[in-house]
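# An overview of the molecular structure
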Amino acid sequence: MKLGAIDTPALAVDLAAVERNITRMQGYCNEHGLALRPHIKTHKLPQLAKLQLQAGARGVTCQKIGEAEVMADAGIDDILITFPIVGEQKLARLTQLAARRRVSVVADSELVIQGLSRALEAADASVDLLVECDTGQGRAGVQAPQDARRLARLAELLPGLEFVGLMTHPLPDGCGDWFERATALLAEDGLVTDRISVGGTPTAHRVHSVAGVTELRAGTYVYGDRSCIANGSVAEEDCALRVHATVVSTPTATRAVLDCGSKSLSSDPGVVREGGFGLIVELPEATIYELHEEHALVDLSACPRSVSIGDRVTVIPNHVCVTVNLHDEVVVHRDAEVVERWPIAARGRLR
């Protein structure tokens, strides 16, 4: 089937662009001696995770146990879960996962570490532990290097856990000094920091400038999106994922309606300065100015041409991770020829 014959709205992925993006990011990490641990919350697909691993990735990153279970079921080992694991049900699932795969987890509190240890000891299982650090983003994480030292000490004392390093989110200014102070304190206690893990596609290509960092977690780079275009991390021609849509109404000469509303496109504004809810590739001057559940309202007033009912367009979403989570499958194509349809396996799984 030709790509233009698929029904809309649909999520379509260009394999050639995916391969370019994987090669580019892996090449950067190889050049600078960094381990790449792709974040699969972007694509949620074992097929793409395996392509990333075949290209040289060290392991994968997951944001929740459900994602990690899907990757483990697909035979993928060395999984980092970068979200605090709290609650008996999640801890039970973690111990089952740790019994069959190499797993790393993160924590930023004594309560989380103690809960992990109790569950793992009871199941005679173990995991590696990274202390999550707030180095400037203001989300989760310990607030000071001495706090990282305190939690690392605790992890070393408790069964089921092995302290292996530190983790933070997209690279804020000054995190190198933060890590330097933390690793110095840890060294005073004889604690070796094998891994310093940082995340984020927008800052990925300056990770090598931060002393001590050993691992990069990036997800969005594999597909790209409108936010990536805006911050320069992925070019428009390399944005591999597009939402295919159809013009279903033209109420006025300057307004069109597409069949891809908030259930097909993310309502996340991202970091896009121009506004709107996606870039229409065929009509770059147009603005998707409002989303309803099944309707996308498009302002055509700046466009040199109009559109007609039945016309098909492709939309690069503002935030690809959220968009993927709205769909059941992706249509995979090469040279506009559909080659497969992949269910989005890790979508909608339990936390």
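Whatever comes next refers back to the structure up there.
Read on for an overview of the structure. (Residues numbered from 1 in each chain as written. Predicted model: local features only at pLDDT ≥ 70, side-chain atom pairs only at ≥ 80, totals over all residues. Heavy atoms only, no water.)

### Some remarks on the overall build of the protein
Within the protein, the regular secondary structure consists of nine helices and 17 strands. Taking 351 residues into account, the globule formula puts the C-alpha radius of gyration at 20 Å, and the protein, at 22 Å, falls close to it. Across the 351 residues of the protein, 54% fall into the buried class. Within the protein, contacts between residues separated by at least 24 positions form 67% of all contacts whose residues are at least 6 apart in sequence. Counting every atom, the protein has about 14700 Å² of accessible surface; 49% of that belongs to carbon and sulfur. Looking at charge distribution, the protein has the averaged site of its 35 positive side-chain charges lying 2 Å from that of its 46 negative ones. (Helix = DSSP H or I, 4+ residues; strand = E, 2+ residues; numbered from the N terminus. Rg over C-alpha atoms; globule rule 2.2 N^0.38 Å. Buried < 20%, exposed > 50% of the residue type's maximum accessible area, 1.4 Å probe, protein only. Contact = heavy atoms within 4.5 Å. Areas by Shrake-Rupley, 256 points an atom, 1.4 Å probe, with all protein chains shown as cover. Lys, Arg positive; Asp, Glu negative; His and termini not counted. Charge placed at Lys NZ, Arg CZ, Asp CG, Glu CD.)

### Some remarks on the pairing of strand 10 (residues 241-252)
Where strand 1 (residues 10-14) and strand 10 come together, four bridges link them in antiparallel fashion. Its bridge partner being in strand 10, V13 is matched across the sheet by L241. One ladder, built from four bridges, connects strand 10 with strand 15 (residues 312-316); its direction is antiparallel. By the bridge assignment for strand 15, A245 is matched with V313. In this sheet, strand 11 (residues 255-258) lies alongside strand 10 in antiparallel orientation, the contact comprising three bridges. Its bridge partner lying in strand 11, S249 is registered against V257. Hairpin geometry of strand 10 and strand 11 is characterised by an intervening segment of two residues between the two adjacent antiparallel strands. (Pairing = 2+ DSSP bridges.)

### Here we look at the sheet that holds strand 9 (residues 215-217)
Sheet strands associate in pairs through backbone hydrogen bonding, adopting either a parallel or an antiparallel arrangement. Pairing is parallel in the open sheet, where eight strands are placed in the order 2-9-8-7-6-5-4-3. The sheet is open, and its two borders are formed by strand 2 (35-36) and strand 3 (60-62), each paired with just one other strand. Alignment of strand 5 (residues 103-107) against strand 6 (residues 127-132), held across four bridges, turns out to be parallel. Residue pairing for strand 6: V106 is matched across the bridge by L130.

### Some words on the nonpolar core
Ranked by size, the top nonpolar core spans 100 residues in total, and within it L116, L216, Y223 and L258 carry the most contacts. The element best represented in this core is helix 1 (residues 15-31), accounting for seven residues. Aside from chain neighbours lying at most four places away, what touches L116 is I85, L91, L94, V105, A107, L129 and L161. Of all hydrophobic cores here, the second largest spans six residues; its members include L3, I6, V331 and V338. (Core = buried A, V, L, I, M, F, W, Y, C linked by side-chain atoms within 4.5 Å.)

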